[in-house]
Amino acid sequence: MEEQSSPTPLAMEVETSTPAPQQQPPLHRNPLAIVNIVLIGIGAVAGPLILRAYFVHGGSRKWLSSFLQTSGWPLLLPHLIFHRRKDGISPLFLMPPRLLAVSAALGVAIGLSDFLYAYGLADLPVSTSSILISTQLVFTAFFALVVVRQRFTAFSINAVVLLTVGAAMLGMNGSGSDRPEGVSRAAYYVGFAMTIGSAATYGLVLPLMELSQARLAGRSAGSYSLVLEMQVVIGIGATAFCIIGMIVNKDFQAIPREAQEFGLGQVGYYSLLVGAAIVFQFFFLGIIGAIFYGSALLAGVIMTLLISVTEVFAVIFFHEHFNGTKGVALGLSLWGFVSYFYGEIQTNAKQSDIPPITEHFVV
């Protein structure tokens, strides 16, 4: 009996549907993302106010104040241990050597940014410093274009222009009543330049953190624990950088004397130091979470949005002058934020309408 076999096809077309890359849930439905945004809010508002209080009441050590911005990294260790146990991670370190080196380098860059920021805040009102720091959104957008290929839209370009104009207006306002008492015009502009430098440095660091998370850390199971490890190493690198500056500047020897002469007393002095270290660590933890659950630009936008809150508290606690020029600059900053955020909503809406990719293979 002759067995008839089915003909073997020479070619067969196989259709597969490749889904779009898995995305994080919307921010308003992601509890962890919301927690990180709240942490940014606490650090971005309370941190500058505490540091300015340090300078207003007699503090003068710029390396010490920059050290405070990153020295709270041990507070991350319980959070890291909790997530490692939750994810069932047994290795002592998740970070490969390359990621360790990148994180340490980012830490040094953040340490430099912290010093530039502290230097500027010593001679600038909090309200002025906050508006200048908002220009980091400009630098973040530019470096995000270069580093992570973030596309510019008409809305993001508009935001960049508005924030730049606002910073320029503050620069022209430096000869008026905006200068704190006892600060020369030259010192004011040095602080102005230092703050812009801090914004530029941090604007570069944020996309680099996003790139390192995307390429070296990834978003697989346990990757948030890896991101926390990155933040610990970044904190250690930044703190070590600032400690070297403190040693060279003899800050450690000056701390006891400065505490005795401090306007709020020794208890107030050390309370400010501890409080600054805590709230700034909240800020950095929130930033790295915002990048993980969103993007570097999202972190930058949130920081810009909080300017108005910082402005209000600066006027209340330090009785800072809030003239028309500063009001216009603040309005331009908030307009730039709204423009950018609206553009992001439009872009995300368009991307969500993209159908799955259908590929055809010949076997």
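Quick caveat: nothing in here was measured; it's all calculated off a predicted structure.

Asks: Looking at this model, I keep getting lost on the overall build of the chain. Mind explaining?
Replies: Helices and strands together make up the secondary structure of the chain, namely 14 helices and 2 strands. By residue count, 49% of the 363 residues in the chain fall in the buried class. Considering only contacts in the chain between residues 6 or more positions apart, those separated by 24 or more positions represent 84%. Roughly 18100 Å² of accessible area belongs to the chain as shown, and the carbon and sulfur atoms make up 66% of that amount.

Asks: Explanation requested: the packing of aromatic side chains in the structure shown.
Replies: One pair of aromatic rings is described through two measures. These are the centre distance and the angle between the planes. Summed over the entire model, instances satisfying the criterion amount to 15 aromatic pairs. Judged by centre distance (6.3 Å) and plane angle (55 degrees), the rings of Tyr 202 and Phe 284 are tilted. Of this pair, Tyr 202 sits in helix 8 (residues 185–217) while Phe 284 sits in helix 11 (residues 265–293), and the two are 82 residues apart along the sequence. Each member of the pair, Tyr 202 as well as Phe 284, carries the same accessibility label: buried. Members of the aromatic cluster, connected to one another through ring pairs, are Tyr 54, Phe 55, Phe 262, Tyr 269 and Tyr 270. Taking the ring centre of Tyr 119 as reference, the NZ or CZ of Lys 62 above it sits at 4.9 Å.

Asks: In this structure, what is going on with the environment of Phe 282? I would like to understand it.
Replies: Within the secondary structure layout, Phe 282 lies in helix 11. Its relative accessible area of 30% is what places Phe 282 among the partly exposed residues. Along the sequence, Phe 282 and Leu 75 sit 207 residues apart, while their C-alpha atoms lie 9.1 Å from each other. Apart from the residues within four sequence positions on either side, Phe 282 is in contact with Leu 39, Ile 40 and Ile 42.

Asks: Teacher, can you tell me more about the packing of helix 1 (residues 31–56) against helix 11 here?
Replies: Two elements in contact, helix 1 and helix 11, have axes separated by 7 Å at closest approach and are oriented at 145 degrees. Where helix 1 crosses over helix 11, the two elements pack in a sense that is left-handed. Classifying every residue of the contact of helix 1 with helix 11 gives 24 nonpolar, 6 polar and no charged.

Asks: Is there a simple way to think about a nonpolar patch on the surface in this case?
Replies: Together, Ile 34, Val 38, Ile 42, Leu 75, Val 274, Ile 278 and Phe 282 line one region of the surface with nonpolar side chains, adding up to about 540 Å² of accessible area. The set of elements that each furnish at least two residues to the nonpolar patch consists of helix 1 and helix 11. The residue Ile 34 is located in helix 1 in this model. With relative accessibility at 37%, the residue Ile 34 sits in the partly exposed group.

Asks: Help me understand empty space enclosed by the protein, please; the structure alone is not making it clear to me.
Replies: Left-over empty space is what a probe sized like a water molecule reveals as it rolls over the atoms. Within the structure shown, the criterion is met by 3 cavities of 30 Å³ or more. Quantified by volume, the largest cavity comes out at close to 350 Å³. A per-class count over the lining of the largest cavity returns 12 nonpolar, 9 polar and 1 charged.

Asks: Is there a simple way to think about the confidence of the model for the chain in this case?
Replies: If pLDDT is low for a region, its predicted coordinates should not be looked at in detail. Per-residue confidence for the chain gives a mean pLDDT of 78, with 79% of residues at or over 70. Here residues 1–22 is a poorly scored stretch, pLDDT under 50, and it has 25 contacts once near neighbours within four places are set aside; other chains count. Counted against residues more than four places away or in other chains, residues 354–363, with its pLDDT under 50, gives 25 contacts.

Asks: Explain helix 13 (residues 307–318) here, please?
Replies: Working note: α-helix, 3.6 residues per turn, so residues spaced by three or four point in the same direction. Look at helix 13: 16 Å from first C-alpha to last across 12 residues, which is about the 16 Å you get at 1.5 Å a residue. Where helix 13 is concerned, the buried positions are Ile 307, Thr 310, Glu 311, Ala 314 and Phe 318. Looking straight down helix 13, one finds that the buried residues subtend no more than 105 degrees of arc, so they occupy a single side. A positive backbone phi angle near 55 degrees is found at His 319, which sits one or two residues after helix 13.

Asks: I keep staring at the environment of Ala 144 and nothing clicks. Help me out?
Replies: Tracing the sequence through the fold places Ala 144 in helix 6 (residues 136–147). A relative accessible area of 1% means that Ala 144 is categorised as buried. Distance in space between the C-alpha atoms of Ala 144 and Gly 203 is 8.5 Å, their sequence separation being 59 residues.

Scoring rules and cut-offs
Residues numbered from 1 in each chain as written. Predicted model: local features only at pLDDT ≥ 70, side-chain atom pairs only at ≥ 80, totals over all residues. Heavy atoms only, no water. Helix = DSSP H or I, 4+ residues; strand = E, 2+ residues; numbered from the N terminus. Buried < 20%, exposed > 50% of the residue type's maximum accessible area, 1.4 Å probe, protein only. Contact = heavy atoms within 4.5 Å. Areas by Shrake-Rupley, 256 points an atom, 1.4 Å probe, with all protein chains shown as cover. Phe/Tyr/Trp six-rings, centres within 6.5 Å; stacked < 30°, edge-to-face > 60°. Lys NZ or Arg CZ within 6 Å of the ring centre and 35° of its normal. Axes fitted to C-alpha atoms, helices over the stretch in contact; angles between N-to-C directions. Left-handed = near helix turned anticlockwise from the far one by under 90°. Nonpolar A, V, L, I, M, F, W, Y, C, P; charged D, E, K, R; others polar. Patch = residues over 30% accessible without salt bridge, like charges linked within 9 Å, V, L, I, M, F, W, Y side chains within 5 Å. Salt bridge = Lys/Arg side-chain N within 4 Å of Asp/Glu carboxyl O. 1 Å grid on protein atoms, 1.4 Å probe; cavity = no way out; pocket = protein on both sides within 12 Å on 5 of 7 lines; lining within 4 Å. Points joined across faces, edges and corners; volume = space filled by probe spheres on them. pLDDT = per-residue confidence, 0-100. Expected span 1.5 Å × (residues − 1). Arc of directions from axis to C-beta.

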